Amino acid sequence: MVSLQNINLVFAHKFEAQAALDFFSLEIVDNREFKIYQNSSGMQAVVTGMGFENAKSATAKLGERALEIGMKNGLNMGVAARAWLNIGIGGHPEADIGSGFLASKIIHRNSGDTQFPAPVLTGVEKAAIVTVDKPELGYPENAVYEMEAAGFWASAIEYTSLEFVQVLKIVSDNKKQSIDTVTKELVVDLIKEKLETISDCCAQLQSLVNEYNNAYSLDVASLEIIKSCLESYHFTVTQKIQLKRLVQRYSAIHLFAQLRKIVELTFSSSNELIGELSKYLSRQ
Amino acid sequence: MFSAIYIEDEVREHDRVKELLERFSSIPHIDCQRYGEVFNRKGQNFRIQKKSPALILAKKYGNLVLPSPDGYGFDGGKSYYFSHMLNCIYDCRYCFLQGMYRSANYVLFVNYEDFESQITESIKASDGPSIYYSGYDCDSLAFEPVSKFCDYFLPVFSIHTSAVLEIRTKSTQVRSLLDVKPLPNCIVAMSFTSDGASLRYEHKVPTIRKRIEVLQKLQQAGWLVALRFEPIIWDSNLLENYHKLFTEIFHRIDIDFLHSASIGEFRMPTSFHKNIVKLYPDEELFAREIQIDNGLVTLIDKEDSLRQLEQILLRYIKPEQYYRCA
Ligand code: SF4
């Protein structure tokens, strides 16, 4: 299986999570406010509890955790982006039990807010998702009814680019087979049957996130140069940003050897170093 | 072709929309109230979206015909531009649209009839000739198979002969032009950069050879063509590269029937440049030294290459055929 190190999964209920936690070998790492899971490659998951507010808080909690871990690993020079996938069950008027849908839009019934996830994933049908406060028994629109997607979205987009926030819902009830027939065994089975789809969505997201991270994060050589500068001089936050951009520019213009030469010289301050790096570029 | 089609409520029943939805029935159709809900949101990444853009069908309100920026085109009367579309199917790394919009999705404003009535009003209000540029926020021809822009707007200009329409493009989608009688007041202006720059920066754009072939076909069919050499991006062999390009073009194009040729340097508003630097921090073009003048970013031309380039171009064309984009 491809490494899905930058994926965060969000489930409302432990029965929705069970099959995926096993499949991705996710182990519990935090059992306090919300159950948070992680595997050896870095994939993470959270079980939020039911409803908009729980989904919003737990997603934020996982977002903060991922941010902290990223910060520890990376010199505060920008944290690797992660993708988010909310997986759960929902009711749909017509669709067969077990059908999977990616959200084309998320309507929060209570507030009227509508959000549009970017259609970057392929291979799964798209549908509108309506987040409601209480189970919807009448299925008035051609949409999937559930209780968490809008809360999940509200927090997840605070932590990443919106192309990387997606919602996958599996139909558990419809007009023919009411919500009363939904048992915990059925929920586990529905998710289990869709593991291949889930895995494929995660792989597509990971590949997009890889591209993004490759474009926006510094390579090892650049990070080493920055590290040595930070160890030698004191930098303000603004100066750190300037240094990062200068290193990116040297790298983009293929002047890395010259960059190394300059940073090996001795300067009286970070300001002087930044000045020299800028001056050299302006002479090019 | 598109990852999804978003449809503004307002245009749901528009014939142009119905036809497109029928034609692209296998692509997800998603309703929205206003296109801005999808297009103008914060927190989007143009670069990632460019990999699988969606089409948004919308209605444009307000002033649909605007005075063109100073120095945008040639002399010949008051000039205006109109944008029936936002964004482009090509992916030129130097394109200012990347810095102008948050989203890479294509917006097609389907209310052509409103554009037509404002163009007509503007023509009637002008005492003398007027020029209308399309393809300011997009490449009009590139999207022709979907937008049917020419099908609609050429007949509009055929009845207003005092007005000139310039279609600025890099596209070879000229079937809709070749299928009809040429309009003496319509100019197809093809943009070029040097071969090296094109290979490096103009992703998904037809090759220079194909663009020249198409210009030749258009000329032979009786269409007025023009050449737009922009943006000029300095490199060590700039003059040599453009010399080659000019030779290639003027070997095939009939200069006597060339409407005009222009040169324009790389230039964009500072805020767009800032956005693009964030989008492409790894791109050599945006790591270069820049100068800022009056809120506009340009690259530094240490050797006065622009003037030298003009001298070379003027060996091929008459001075009255030339203008520099300010
Ligand atoms: S063809 Fe023009 S509008 Fe299209 S991407 Fe290139 S520069 Fe931008």
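Data block above holds the structure.
Residues numbered from 1 in each chain as written. Chains lettered and ligands numbered in written order. Predicted model: local features only at pLDDT ≥ 70, side-chain atom pairs only at ≥ 80, totals over all residues. Heavy atoms only, no water.

Turning our attention to the interface of chain A and chain B. The partner chain B presents 32 residues to the 25 residues of chain A that form the contact. Counting the surface chain A buries against chain B, the share from its top three residues, Phe116(A), Pro119(A) and Tyr216(A), is 26%. In this structure, the connection of chain A to chain B is made through two salt bridges. Notably, a salt bridge pairs Glu211(A) with Lys51(B), separated by 2.9 Å at the nearest N-O pair. Our enumeration of links across chain A and chain B arrives at 13 residue pairs in polar contact (both at pLDDT 80 or more). (Contact = heavy atoms within 4.5 Å. Buried area = accessible area lost by both parts, 1.4 Å probe. Salt bridge = Lys/Arg side-chain N within 4 Å of Asp/Glu carboxyl O. Polar contact = N/O pair within 3.5 Å; in protein donor to acceptor, adjacent residues only side chain to side chain.)

Inspection of every chain in the model, using the stated rule, returns 34 aromatic pairs over all chains. Considering the side-chain rings of Phe82(B) and Phe149(B), the 6.1 Å spacing of their centres and the 25 degrees angle between planes classify their relative orientation as stacked. Residue Phe82(B) is found in strand S5 (residues 78–82), and its partner Phe149(B) is found in helix H7 (residues 149–158); the two are separated by 67 residues along the sequence. For the pair Phe82(B) and Phe149(B), a shared accessibility class is recorded, and that class is buried. Ring geometry for Phe82(B) against Phe153(B): centres 5.5 Å apart, planes inclined by 40 degrees, an arrangement best described as tilted. One end of the pair, Phe82(B), is in strand S5; the other, Phe153(B), is in helix H7, with 71 residues separating them in the sequence. Of the two residues examined, Phe82(B) and Phe153(B), each falls in the buried class. An aromatic cluster is built from Phe82(B), Tyr112(B), Phe115(B), Phe149(B), Tyr152(B) and Phe153(B), whose rings are joined through pairwise contacts. Over the aromatic face of Tyr216(A) sits the side chain of Arg47(B), whose NZ or CZ is 5.5 Å from the ring centroid. (Phe/Tyr/Trp six-rings, centres within 6.5 Å; stacked < 30°, edge-to-face > 60°. Helix = DSSP H or I, 4+ residues; strand = E, 2+ residues; numbered from the N terminus. Buried < 20%, exposed > 50% of the residue type's maximum accessible area, 1.4 Å probe, protein only. Lys NZ or Arg CZ within 6 Å of the ring centre and 35° of its normal.)

All names here are of chain B. Evaluated as defined, the whole model comprises 26 salt bridges over all chains. Residues Arg47 and Asp282 are paired through a salt bridge, measuring 3.1 Å at the closest nitrogen-oxygen approach. Note that Arg47 is positioned in helix H3 (residues 46–49) and Asp282 in the loop between helix H12 (270–279) and strand S16 (290–293), a separation of 235 residues in sequence. Look at the salt bridges and you will find they share partners, linking Glu166, Arg168, Arg228 and Glu230 into a network.

The next thing to look at is the sheet that holds strand S9 (residues 130–134) of chain B. Residue and element names in this part refer to chain B. Pairing in this open sheet of eight strands is mixed, and the strands run S4-S5-S9-S10-S11-S13-S14-S18 from one edge to the other. Of all strands in the sheet, those bounded by a partner on one side alone are strand S4 (66–67) and strand S18 (322–324). Strand direction decides the pairing type here: strand S14 (residues 258–265) and S18, joined by three bridges, are parallel. Considered in S18, the bridge of Ala261 is made with Tyr322. Sheet strands in contact with helix H10 (residues 208–221) are strand S11 (186–192), strand S13 (224–232) and S14, and its direction is about 165 degrees off that of S11. (Pairing = 2+ DSSP bridges. Axes fitted to C-alpha atoms, helices over the stretch in contact; angles between N-to-C directions.)

Quick look at the sheet that holds strand S15 (residues 267–269) of chain B now. Residue and element names in this part refer to chain B. In space, the three strands of this open sheet follow the order S15-S17-S16, with antiparallel pairing throughout. Where the open sheet ends on each side, the last strands, each with one partner, are S15 and S16. With strand direction ignored, the average angle separating the axes of adjacent strands in the sheet is 30 degrees. In this sheet, strand S17 (residues 296–299) lies alongside S16 in antiparallel orientation, the contact comprising four bridges. Each residue of the ladder has a partner; that of Gln291, found in S17, is Thr298. Contacts between H12 and the sheet are confined to S15, S16 and S17, with S15 contributing the most and set at about 95 degrees to the helix.

All names here are of chain B. If you trace the backbone, Ser260 turns up in strand S14. Among the polar contacts listed, one links the side chain of Ser260 to the side chain of Arg228, at a separation of 3.0 Å. Within the structure, the side chain of Ser260 is placed 2.8 Å from the side chain of His259, a separation counted as a polar contact. The residues touching Ser260, leaving out its near neighbours within four places in the chain, are Val225, Ala226, Leu227, Arg228, Gln321 and Tyr323.

This part takes up the packing of helix H8 (residues 256–264) of chain A against helix H9 (residues 270–282) of chain A. All names here are of chain A. Relative to each other, H8 and H9 sit at 150 degrees, their axes nearing to 10 Å. The pairing of H8 with H9 is recorded here as roughly antiparallel in orientation. For the pair H8 and H9, the sense of crossing is right-handed. For the pair H8 and H9, the contacting residues are Gln258, Leu259, Ile262 and Val263 in the first and Leu273, Glu276, Leu277 and Tyr280 in the second. (Parallel < 35°, antiparallel > 145°, perpendicular 65-115°, else oblique. Left-handed = near helix turned anticlockwise from the far one by under 90°.)

A few words now on the packing of helix H5 (residues 112–125) of chain B against H7(B). Residues and elements named next belong to chain B. With their axes 11 Å apart at the nearest point, H5 and H7 run at an angle of 25 degrees to one another. Comparing the axis directions of H5 and H7 gives the class roughly parallel. Regarding H5 and H7, the two cross each other, and that crossing is right-handed. Listed contacts from H7 to Tyr112, Glu113, Phe115, Glu116, Ile119 and Ile123 of H5 are Phe149, Tyr152, Phe153, Val156 and Phe157.

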